[in-house]
Amino acid sequence: MAKVTMADVAKYAGVSKSTVSQYINKRYEYMGEDTREKIKLAIEELGYHPNYIARSLKQKKTSMIGIIVADIVHRFSTEICRSIEDYCFEHDYQAIICNADNNPTKERTYIETLRAKQVDGLIIFPTGQNTDIYAKMIEEDYPVVFMDRDILGIEAPFILSTNVDSSFQAVQLFLENGHTNIAILTQPLTISTRKERIEGYKKALQAYSIDIREDYIISSEIANVKIALSELFQKEKPPTAILAGNDLVFLETLAFLQENHLRVPEDVSLIVFDNFPFAHLSNPPVTSIAQPAFEMGRKATEVLLKEINKESYQKEKIIYPCELIVRQSSIKKI
C-alpha cells in the first residue's frame with residue numbers, strides 16, 4: 001500500500017498543501033473551524049502520519065528535549081521528571097529521559113547522543129565531573145538548564161534548593177529536643193548537595209556551641225551504609241539522632257536500626273532529607289525535609305523553553321526553599 005502524503009490529505013479535504021501544513025504545525029489563525037474539521041477527518045480517514053523528521057529539518061527544531069537524571073531511583077528525581085514531562089506535554093514538546101547512574105562517562109555519552117539526535121535542549125542533574133562539556137554547551141549557546149546540583153564556574157540557569165539552611169533546621173530540631181550526639185549520613189561527597197547538607201549540619205552545631213565530631217559525619221556508598229553504621233554504634237558514645245542525607249541512605253539506616261533492635265525515636269531519632277513517600281504512614285511517622293520537586297521541574301522547563309525560543313530570560317540560580325515536616329521520628333522520648 002502506497003504511503004499517504006500531505007498532497008493526498010489536501011486533495012481529500014479539498015484544500016491546499018500549505019493549509020494542511022499549517023494545520024499540522026497548529027497555525028490555525030487563518031483557517032475556519034470547518035476547514036480544520038475537514039483536514040482532521042482526512043487525516044483520520046487516510047491514516048496519514050506526518051514526517052516529523054523532515055519537518056524538524058525544515059524548521060531546525062524537533063520539539064523534543066532531553067532529561068539526564070543523575071539517579072532515577074530517588075523519589076525527588078522521579079517527581080521532577082514527571083513535572084517536566086507534564087509541562088512539555090502542555091506545550092507540545094516531548095521529553096527523553098536518560099539515567100546517568102551518577103556516572104560521568106554515562107552522562108557524557110548521553111549529552112553527546114541527545115545532541116546528535118537534535119534535541120532542542122537539555123535539563124541535566126549534573127555529576128559535576130564533565131565541566132568541559134558543560135562549558136562547551138554554554139559557549140555554543142546551546143539551551144541547557146542544570147537541576148538540583150550547583151557547579152562552580154559554570155554560568156548557566158540552575159534550579160536549586162536550600163540545602164544548607166534546611167540541614168541547619170533539621171539539626172536545630174534535634175538540638176532543641178535535647179540531642180547532642182548527632183550524626184549525618186550521606187553518599188560520597190562528589191556533588192554540591194551532599195557537601196551543602198554537611199555544611200548546614202556543621203553550622204547548626206557551631207551555632208549551639210556543640211563540638212563537631214568528624215566521626216559522626218559519614219559519607220558512604222549505599223552498599224556500605226550498614227557497615228558504617230555498625231562501626232558508629234560501637235563507639236563509646238553512639239549517636240542518639242541521625243540525619244539521613246537522602247531517601248536511599250534513610251532506607252539503609254532504617255533497616256540497620258530494625259535489624260539491631262534500636263527503636264525510633266526512643267533509642268535513635270531520625271530525619272530524612274528527601275521527598276520520602278509514605279513518611280506520614282510509617283511507624284512512627286518520619287520527619288522529612290521536602291523539596292518542591294514539581295515547582296522546580298516546571299521552572300526548569302519554563303526556562304529551557306525560553307532559551308530554545310530565544311526569549312528574554314535571566315541566566316541565574318533559582319533557589320527554592322524546602323519544608324521541614326516535623327513528625328514523631330525526631331521527637332526524643334524521655
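The preceding data block contains the structure.
Chemist: What exactly am I supposed to notice about the overall build of the chain here?
Modeler: The secondary structure content of the chain amounts to 12 helices and 12 strands. On C-alpha atoms alone, the chain measures out to a radius of gyration of 25 Å, which is more than a quarter above the 20 Å that the 2.2 N^0.38 rule sets for 334 residues. If you line up the chain on its principal axes, its C-alpha atoms span 85 × 40 × 35 Å. Buried residues in the chain amount to 48% of all 334 residues. For the chain, contacts bridging at least 24 residues in sequence account for 68% of all contacts bridging at least 6. Approximately 17,000 Å² of the chain is accessible, and the part contributed by carbon and sulfur atoms is 50%. One finds the centroid of the 39 positive side-chain charges in the chain at a distance of 4 Å from the centroid of its 46 negative side-chain charges.

Chemist: How should I be thinking about the sheet that holds strand 1 (residues 64-69) in this particular structure?
Modeler: Neighbouring strands of a sheet are bound in pairs by backbone hydrogen bonds; such pairs are parallel or else antiparallel. If you trace the 6 strands from one edge of the open sheet to the other, you get 2-1-3-4-5-11, paired in parallel fashion. A strand with exactly one partner marks an edge of an open sheet, and here the two such strands are strand 2 (94-99) and strand 11 (317-320). Between one strand axis and the next, the sheet turns by 20° as a mean value, whatever way the strands run. Pairing analysis gives 4 bridges linking strand 5 (residues 158-161) to strand 11, with the strands arranged parallel. By the bridge assignment, Ile 159 is partnered in strand 11 with Ile 318.

Chemist: Just checking my understanding: could you explain the environment of Val 69 for this structure?
Modeler: The residue Val 69 is located in strand 1 in this model. When the C-alpha atoms of Val 69 and Thr 186 are compared, they prove to be 19 Å apart, with 117 residues separating the residues in sequence. Residues contacting Val 69, with those up to four places away along its chain left out, are Ser 77, Cys 81, Ile 97, Cys 98, Asn 99, Ala 100, Asp 101 and Phe 125.

Chemist: It is not clear to me how the state of the cysteines should be interpreted in this structure. Could you clarify?
Modeler: A covalent bond bridging the sulfur atoms of two cysteines is what the word disulfide describes. One pass over the full model with this rule turns up 0 disulfides. Here Cys 88 is not cross-linked by a disulfide; its sulfur's nearest cysteine counterpart is in Cys 81, at 10 Å. According to the relative accessible area criterion, Cys 88 is buried, its value standing at 0%. We note that Cys 98 lacks a disulfide partner, and the nearest cysteine sulfur, in Cys 81, lies 10 Å from it. A relative accessible area of 10% means that Cys 98 is categorised as buried.

Chemist: Is there a simple way to explain unusual backbone geometry in this structure?
Modeler: What you tend to see is this: most non-glycine residues have negative phi, and most peptide bonds are trans. A cis geometry characterises the amide bond from Val 264 onward to Pro 265, with omega recorded as 5°. Within the secondary structure layout, Pro 265 lies in the loop between helix 11 (247-259) and strand 9 (269-273). Positive phi, close to 55°, is recorded for His 261, a residue that is not glycine. Its place among the elements puts His 261 in the loop between helix 11 and strand 9. Not every positive phi belongs to a glycine, and Lys 310 is a case in point at roughly 60°. Within the element layout of this structure, Lys 310 appears in the loop between helix 12 (293-308) and strand 11. Residue classification places Lys 310 among the exposed residues on the basis of a relative accessible area of 62%.

Chemist: Sorry if this is basic, but what is going on with a negative patch on the surface here?
Modeler: Together, Asp 34, Glu 37, Glu 44 and Glu 45 make up a negatively charged patch on the protein surface. Tracing the sequence through the fold places Asp 34 in helix 3 (residues 33-46).

Chemist: I keep staring at the side chain of Asn 163 and nothing clicks. Help me out?
Modeler: By the secondary structure assignment, Asn 163 is in helix 8 (residues 163-176). Asn 163 sits in the buried class, given a relative accessible area of 1%. In terms of polar contacts, Asn 163 uses its side chain to reach the side chain of Glu 196, at 3.0 Å. A polar contact is formed between the side chain of Asn 163 and the side chain of Arg 197, at a distance of 2.8 Å. Each residue touching Asn 163, except ones within four places of it in the same chain, is listed here: Thr 193, Glu 196, Arg 197 and Phe 273.

Chemist: How should the environment of Thr 127 be read in this particular structure?
Modeler: Summarising the element assignment, Thr 127 is placed in the loop between strand 3 (121-124) and helix 7 (131-139). Residue Thr 127 is classed as buried on the basis of its relative accessible area of 2%. Here the alpha-carbon distance between Thr 127 and Tyr 320, two residues 193 residues apart in the chain, equals 20 Å. Apart from residues no more than four positions distant in its own chain, Thr 127 is found in contact with Asn 102, Asn 103, Pro 104, Glu 107, Tyr 134, Arg 149, Thr 190 and Ile 191. For Thr 127, the side chain forms a polar contact with the main-chain nitrogen of Gln 129, separated by 3.2 Å. There is a polar contact of 3.5 Å between the side chain of Thr 127 and the side chain of Tyr 134.

Cut-offs and rules
Residues numbered from 1 in each chain as written. Predicted model: local features only at pLDDT ≥ 70, side-chain atom pairs only at ≥ 80, totals over all residues. Heavy atoms only, no water. Helix = DSSP H or I, 4+ residues; strand = E, 2+ residues; numbered from the N terminus. Rg over C-alpha atoms; globule rule 2.2 N^0.38 Å. Buried < 20%, exposed > 50% of the residue type's maximum accessible area, 1.4 Å probe, protein only. Contact = heavy atoms within 4.5 Å. Areas by Shrake-Rupley, 256 points an atom, 1.4 Å probe, with all protein chains shown as cover. Lys, Arg positive; Asp, Glu negative; His and termini not counted. Charge placed at Lys NZ, Arg CZ, Asp CG, Glu CD. Pairing = 2+ DSSP bridges. Axes fitted to C-alpha atoms, helices over the stretch in contact; angles between N-to-C directions. Disulfide = S-S within 2.5 Å. Patch = residues over 30% accessible without salt bridge, like charges linked within 9 Å, V, L, I, M, F, W, Y side chains within 5 Å. Salt bridge = Lys/Arg side-chain N within 4 Å of Asp/Glu carboxyl O. Polar contact = N/O pair within 3.5 Å; in protein donor to acceptor, adjacent residues only side chain to side chain.

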